[in-house]
Amino acid sequence: MERYEFEMIPVPAEALNAVGITPGVTVEAFADGSRIVIQKAPGDDFCEVYNDDCEGCPYCCPCCGECLKEQFDGGEDVE
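Computed from a predicted model, the values in this text were never measured in an experiment.

**Concerning the overall build of the protein chain**
Phase 1 of the analysis: When helices and strands are counted, the protein chain shows three helices and two strands.
Phase 2 of the analysis: The helix and strand sequence of the protein chain, counted from the amino end, reads α-β-β-α-α.
Phase 3 of the analysis: Per-residue burial over the protein chain gives 15% buried out of 79 residues.
Phase 4 of the analysis: Long-range pairs, those at least 24 residues apart, make up 13% of the contacts in the protein chain between residues at least 6 apart in sequence.
Phase 5 of the analysis: In the structure as shown, the protein chain presents an accessible area of about 6,900 Å², 53% of it carried by carbon and sulfur atoms.

**Some thoughts on a nonpolar patch on the surface**
Phase 1 of the analysis: A cluster of nonpolar side chains, contributed by I9, V11, V25, V27, I36 and I38, occupies part of the molecular surface with about 500 Å² of accessible area.
Phase 2 of the analysis: Counting through the fold element by element, V25 comes out in the loop between α1 (13-18) and β1 (27-32).
Phase 3 of the analysis: V25 sits in the partly exposed class, given a relative accessible area of 30%.

**Comments concerning the pairing of strand β2 (residues 35-40)**
Phase 1 of the analysis: As paired strands, β1 and β2 are joined by six bridges and run antiparallel to one another. When the sheet's bridge partners are listed, D32 is paired in β2 with R35.
Phase 2 of the analysis: Between β1 and β2, which follow one another and run antiparallel, lie two residues, and G33 among them has a positive phi close to 65°.

**Focus: the confidence of the model for the protein chain**
Phase 1 of the analysis: The predicted model of the protein chain has a mean per-residue pLDDT of 75, with 77% of residues at 70 or higher.
Phase 2 of the analysis: Here helix α2 (residues 46-49) is the element of the protein chain with the lowest mean pLDDT, 68, and α1 is the one with the highest, 90.
Phase 3 of the analysis: Note on residues 75-79: pLDDT under 50 across the span, and four contacts to partners over four residues away in sequence or across chains.

**Side note on the environment of I38**
Phase 1 of the analysis: For I38, the position within the fold is in strand β2.
Phase 2 of the analysis: Since its relative accessible area comes to 46%, I38 is described here as partly exposed.
Phase 3 of the analysis: Along the sequence, I38 and L16 sit 22 residues apart, while their C-alpha atoms lie 9.5 Å from each other.
Phase 4 of the analysis: Residue contacts for I38: discarding those within four places in its chain leaves I21, V27, E28 and A29.

**A word on the environment of T22**
Phase 1 of the analysis: Looking at the secondary structure, you find T22 in the loop between α1 and β1.
Phase 2 of the analysis: When the C-alpha atoms of T22 and K40 are compared, they prove to be 9.5 Å apart, with 18 residues separating the residues in sequence.

Analysis parameters
- Residues numbered from 1 in each chain as written.
- Predicted model: local features only at pLDDT ≥ 70, side-chain atom pairs only at ≥ 80, totals over all residues.
- Heavy atoms only, no water.
- Helix = DSSP H or I, 4+ residues; strand = E, 2+ residues; numbered from the N terminus.
- Buried < 20%, exposed > 50% of the residue type's maximum accessible area, 1.4 Å probe, protein only.
- Contact = heavy atoms within 4.5 Å.
- Areas by Shrake-Rupley, 256 points an atom, 1.4 Å probe, with all protein chains shown as cover.
- Patch = residues over 30% accessible without salt bridge, like charges linked within 9 Å, V, L, I, M, F, W, Y side chains within 5 Å.
- Salt bridge = Lys/Arg side-chain N within 4 Å of Asp/Glu carboxyl O.
- Pairing = 2+ DSSP bridges.
- pLDDT = per-residue confidence, 0-100.

What follows is the structure, given as structure tokens:
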């Protein structure tokens, strides 16, 4: 299993709140060239956005391809 290193990057809470990122909201983050993009994840139809193959889905395990959405959601179905 691949190990990841994490860095904490402080972002003012006011900036996150201004764009609708509040506690309980699912976000996704990715690198786009030299930028780090943090955005709200699509709502209820999250899996439909990434189609059946899950390509590019942030919940897809980079090692085995398994969908980890339930684990991130706390094991509950949030529909």
